[in-house]
Amino acid sequence: MNDSKEHILLCSLRLFMQKGFKEVTMKEIVDETGFSKGALYHYFVSKEQVFAEVIAHFLADEMTTDYSAFPQDSLQSFYQAILEDAEKRKTGSINYYYLIFDAMRILPDFNEQLIRQRKDELKLWKKVIAAARKKGEIRSSLSDDQVARLFLYTGDGLGLQSILLDNTSKARLELQQLWDGLYSMLV
């Protein structure tokens, strides 16, 4: 990607984060970048195209986690790795989530990508839980699917809580405590 296009995407990201997709205009993008209208339209034909490329360039990788790279020999090791990865990402700003919600509404492919990722994530959680059960780490009568969903849904709930309170650090600490408590009930 050339520097001009990168500059447009970065300026547009800032605008979309500050105002949301609906409120940003192409004129504002032109003003923010300092480029002429013609120069901007050389790279992008519409605000929707700018938005789609902003999401693809800045958010798609950020939202995609390769959970298969995390340790799978222990449920506890697995969820600890997820928590450590989340701490590194630090993507908890409320505006970040607004941008994701805009992308889900506006870009069908993005929504489909999130759904696929979620299914893959659930599948991997169940695989890790089954392996942990097989080696005696888990003794609960809950099914692997139930245990996986408990971990996922508590993470979702605290993610929502962090948005409402605009405090991701506290939410991550609470998630650590919840997952540790859940884990202790399973062993």
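Read on for a plain summary of the structure.

1. Considerations on a nonpolar patch on the surface
Taken together, Tyr98, Phe101 and Met104 make up a surface patch of nonpolar side chains, about 290 Å² in accessible area. Looking at the element boundaries, Phe101 is found in helix 6 (residues 94-106).

2. Concerning the nonpolar core
Nonpolar side chains in soluble globular proteins tend to end up buried together. Counting residues in each nonpolar core, the largest one holds 25 residues, and the members touching the most others are Leu75, Phe78, Tyr79, Trp125, Phe151 and Trp179. Listed by contribution, the elements that provide at least two residues to this core are helix 5 (75-89), helix 7 (108-134), helix 8 (144-165) and helix 9 (168-186). Beyond its immediate sequence surroundings of up to four residues, Tyr79 is in contact with Trp125, Phe151, Gln176, Trp179, Asp180 and Tyr183. Core analysis: the next-biggest nonpolar cluster, separate from the first, contains 24 residues, Ile8, Val54, Leu107 and Leu114 among them.

3. Side note on helix 2 (residues 26-33)
The set of residues buried in helix 2 consists of Met26, Ile29, Val30 and Thr33. End-on view of helix 2: buried residues confined to an arc of 100°, all on one side of the axis. A positive backbone phi angle near 80° is found at Gly34, which sits one or two residues after helix 2.

4. Let's talk about the packing of aromatic side chains
In total, this model carries 12 aromatic pairs according to the counting rule given. Here Phe70 and Phe78 contribute two aromatic rings whose centre-to-centre distance is 6.4 Å and whose plane-to-plane angle is 65°, an arrangement assigned as edge-to-face. Since its relative accessible area comes to 0%, Phe78 is described here as buried. Three or more aromatic residues joined by ring pairs form one cluster here, namely Tyr67, Phe70, Phe78, Tyr79, Trp125, Phe151, Trp179 and Tyr183. Sitting above the plane of the Phe21 ring, Lys47 keeps its charged end 4.2 Å from the centroid.

5. Remarks on the packing of helix 1 (residues 3-19) against helix 2
Their axes nearest at 9 Å, the elements helix 1 and helix 2 cross at an angle of 125°. With respect to their mutual orientation, helix 1 and helix 2 come out oblique. Once helix 1 is placed against helix 2, the crossing between them reads as right-handed. On the side of helix 1, the interface is formed by His7, Ile8, Cys11, Ser12, Arg14, Leu15, Phe16 and Lys19, while helix 2 contributes Glu28, Ile29, Glu32 and Thr33. Its residues assigned to classes, the contact of helix 1 with helix 2 shows five nonpolar, three polar and four charged.

6. Quick look at the packing of helix 7 against helix 8
Look at helix 7 against helix 8: their axes get within 8 Å of each other, and the N-to-C directions meet at 125°. Between helix 7 and helix 8, the angle falls in the class oblique. Helix-helix and strand crossings are classified by hand; for helix 7 and helix 8 the assignment is right-handed. Contacts between helix 7 and helix 8 involve Arg118, Glu121, Leu122, Trp125, Lys126, Ile129, Ala130 and Arg133 from the former and Asp144, Asp145, Val147, Ala148, Arg149, Phe151, Leu152, Tyr153 and Asp156 from the latter. By residue class, the composition of the contact of helix 7 with helix 8 is nine nonpolar, no polar and eight charged.

7. Looking at the pattern of salt bridges
Evaluated as defined, the whole model comprises nine salt bridges. Across the pair Asp102 and Arg105 runs a salt bridge, and its minimum N-O distance is 2.4 Å. One end of the pair, Asp102, and the other, Arg105, are both in helix 6, three residues apart, so they sit about a helical turn from each other. Asp102 sits in the buried class, given a relative accessible area of 8%.

8. Side note on the environment of Leu114
Among the secondary structure elements, Leu114 is positioned in helix 7. When its relative accessible area of 16% is taken as the criterion, Leu114 is described as buried. In this structure, the C-alpha to C-alpha distance between Leu114 and Asp144, residues 30 residues apart in sequence, is 22 Å.

Conventions we followed
Residues numbered from 1 in each chain as written. Predicted model: local features only at pLDDT ≥ 70, side-chain atom pairs only at ≥ 80, totals over all residues. Heavy atoms only, no water. Patch = residues over 30% accessible without salt bridge, like charges linked within 9 Å, V, L, I, M, F, W, Y side chains within 5 Å. Areas by Shrake-Rupley, 256 points an atom, 1.4 Å probe, with all protein chains shown as cover. Salt bridge = Lys/Arg side-chain N within 4 Å of Asp/Glu carboxyl O. Helix = DSSP H or I, 4+ residues; strand = E, 2+ residues; numbered from the N terminus. Core = buried A, V, L, I, M, F, W, Y, C linked by side-chain atoms within 4.5 Å. Buried < 20%, exposed > 50% of the residue type's maximum accessible area, 1.4 Å probe, protein only. Contact = heavy atoms within 4.5 Å. Arc of directions from axis to C-beta. Phe/Tyr/Trp six-rings, centres within 6.5 Å; stacked < 30°, edge-to-face > 60°. Lys NZ or Arg CZ within 6 Å of the ring centre and 35° of its normal. Axes fitted to C-alpha atoms, helices over the stretch in contact; angles between N-to-C directions. Parallel < 35°, antiparallel > 145°, perpendicular 65-115°, else oblique. Left-handed = near helix turned anticlockwise from the far one by under 90°. Nonpolar A, V, L, I, M, F, W, Y, C, P; charged D, E, K, R; others polar.

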